[in-house]
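Structure at a glance
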Amino acid sequence: MKNFYQILGVRENATLAEIKRSYREKVKLLHPDLSGDISRKDEFDEVVKAYRVLSDQRQRNIFDESFYMKVHRNAQAADAFDYYKWLSAREDAESRAKLIFYTLMRGKEDEAVAEFKRMQMNHADFSLKDWFTREDFMDYGYILAEELVIRGEYYDAFILLEQIIKMEYSYTYFYIFFPEVLDFTLSILKKNIDGVISDELALDVYERALDLNLGRTNDAFFLAKMGEEYHRLGDESTASICRAEAEKLGFRF
C-alpha cells in the first residue's frame, strides 16, 4: 500500500484545504491533456486515487489506521522566524492578503474568513487578486469561497468567484478546474441568493451574473429572479421588463 500523503506531497495532519490545493497543483502538472505527456499517466492515476481517499474523512481514517505511521518532526528552534507573526503585525494590503491565504491553508479557516471580511469592510479597494499569480488566486480563492459558503456568506463568496471567472476569461485557455468554478458559482446563484440575502444584494448579484456569459438558459433564470426581486421591492415596471426579457430567452413562468 502506497503512502497517499507522500503522493500528494502533504503532511500527515494536512487540512482538507491543503489536500485540495496540492491535488490541483499536481493534476495541472500530470494530466495528459494538459502536459501532453502520456508517460506519466500512472503517476496521475495515483494522485487521483490518493485524493479520493484523503478527501473522504471515513476513507482517510481507515487509511491512517491501517497504514500511516505518524512521524514526529523536530520542533522548530525557539528563535526560528515566525512568518505568521510577521504577517499579523503588518497592516499593508499585501501582508493582510497573504495572511488570509496563509491561515486558510493551515487549518485556521475561521481566522482567514474573519480577516477577509474585515478587509472587505474597512478597505473598499482591497482585492486578493492584486497580490497573487493567476493560478494561486484561482486555487486559494476557490477554497476561500467554499469556506464563505459554509458560513453562509453567499454574497462575498459570489463576488470572489466572479473575480476568478473574469480573470480566467482574460486568458485564451482554461485550467482543468475552471468548470468546477463555474458549477460552484451556478449552484450559489440558484440555491443561495433568492430569499437568502437581501433583495438589494440579490439584484446586484444577478446583474453581475448576467455579465459572466453563463449561457442563455442561465441568463433567463437570472432575469426571472430579478423580476421577482423588483416585484418585492415595489418596482413593478422594472419587474415586468425583466420578466419580458426572460421570456425572450426562453424562460417559462
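Refer to the structure presented above.
The residue numbering used here restarts from 1 in each chain and proceeds along that chain's sequence as written. Local features in a predicted model are, by the rule used here, given only for residues with pLDDT of at least 70; side-chain atom pairs are given and counted only at 80 or more, and totals for whole chains, interfaces and linings are based on all residues. Heavy atoms from the whole structure form the basis of all side-chain values; hydrogens and water molecules are not counted.

On to the side chain of aspartate 156. For aspartate 156, the position within the fold is in helix H10 (residues 154-169). The class for aspartate 156 is buried, based on a relative accessible area of 11%. Residues count as neighbours in contact if any of their non-hydrogen atoms are within 4.5 Å of one another. The residues touching aspartate 156, leaving out its near neighbours within four places in the chain, are Phe116, Lys117 and Leu148. The numbering of helices and of strands both runs from the N terminus, where a helix is a DSSP run of H or I of at least 4 residues and a strand a run of E of at least 2. Burial classification: accessible surface area is computed with a 1.4 Å probe over protein chains only, and a residue below 20% of its type maximum counts as buried, one above 50% as exposed, and the rest as partly exposed.

Here the focus is a nonpolar patch on the surface. What goes into a patch is any residue over 30% in relative accessible area without a salt bridge, connected to like charges within 9 Å or, for nonpolar side chains (Val, Leu, Ile, Met, Phe, Trp, Tyr), within 5 Å. Methods summary: accessible areas were calculated by the Shrake-Rupley approach with a probe of 1.4 Å, and residue burial reflects only the protein chains presented. Note on definitions: salt bridges are taken to be side-chain nitrogens of Lys or Arg within 4 Å of carboxyl oxygens of Asp or Glu. Together, Phe81, Tyr83 and Trp86 make up an exposed nonpolar region whose accessible area comes to about 330 Å². Looking at the element boundaries, tryptophan 86 is found in helix H6 (residues 83-88). Accessibility expressed as a relative area gives 39% for tryptophan 86, which makes it partly exposed.

We now examine the packing of helix H12 (residues 199-209) against helix H13 (residues 216-232). The axes are straight lines fitted to the C-alpha atoms, using for helices just the contacting stretch, and the angles between their N-to-C directions are given from 0 to 180°. Running from N to C, H12 and H13 cross one another at 155°; their axes reach a closest spacing of 9 Å. Between H12 and H13, the crossing angle belongs to the class labelled roughly antiparallel. Along this stretch, H12 crosses H13, giving a crossing that reads as left-handed. The residues of H13 that touch H12, namely those facing Asp199, Ala202, Leu203, Tyr206, Glu207 and Ala209, are Asp219, Phe222, Lys225, Met226, Glu229, Tyr230 and Arg232. The nonpolar class holds Ala, Val, Leu, Ile, Met, Phe, Trp, Tyr, Cys and Pro. Asp, Glu, Lys and Arg form the charged class, and all remaining residues, Gly among them, are polar. Taken together, the residues of the contact of H12 with H13 break down into seven nonpolar, no polar and six charged. Should an angle fall under 35 degrees it is taken as roughly parallel, and over 145 as roughly antiparallel, whereas 65 to 115 is taken as roughly perpendicular and any remaining angle as oblique. Here a crossing is called left-handed whenever its near helix is offset anticlockwise from the far helix by less than a right angle, and right-handed whenever the offset is clockwise.

Counting residues in hydrophobic clusters, the biggest one holds 76 residues, and the most contacted among them are Leu128 and Leu144. Looking at this core element by element, the count peaks at ten residues for H10. By convention a nonpolar core is built from buried Ala, Val, Leu, Ile, Met, Phe, Trp, Tyr and Cys residues, the set being connected through side-chain atoms within 4.5 Å.

All right, on to the pattern of salt bridges then. Two side chains of opposite charge can pair, provided their charged atoms sit close to one another. Within the structure shown, the criterion is met by 28 salt bridges. The partner of lysine 117 in a salt bridge is aspartate 156, and the shortest N-O contact between them spans 2.5 Å. With lysine 117 in helix H8 (residues 109-122) and aspartate 156 in helix H10, this pair connects stretches of sequence that are 39 residues apart. In this structure, glutamate 162 engages lysine 166 in a salt bridge whose closest nitrogen and oxygen atoms are separated by 3.6 Å. Taken together, the residues glutamate 162 and lysine 166, both in helix H10 and four residues apart, mark about one turn of the helix. Under the relative-accessibility criterion, glutamate 162 is labelled buried at 5%. Where salt bridges share partners, they join Asp194, Asp199, Lys225, Glu228, Glu229 and Arg232 into one cluster.

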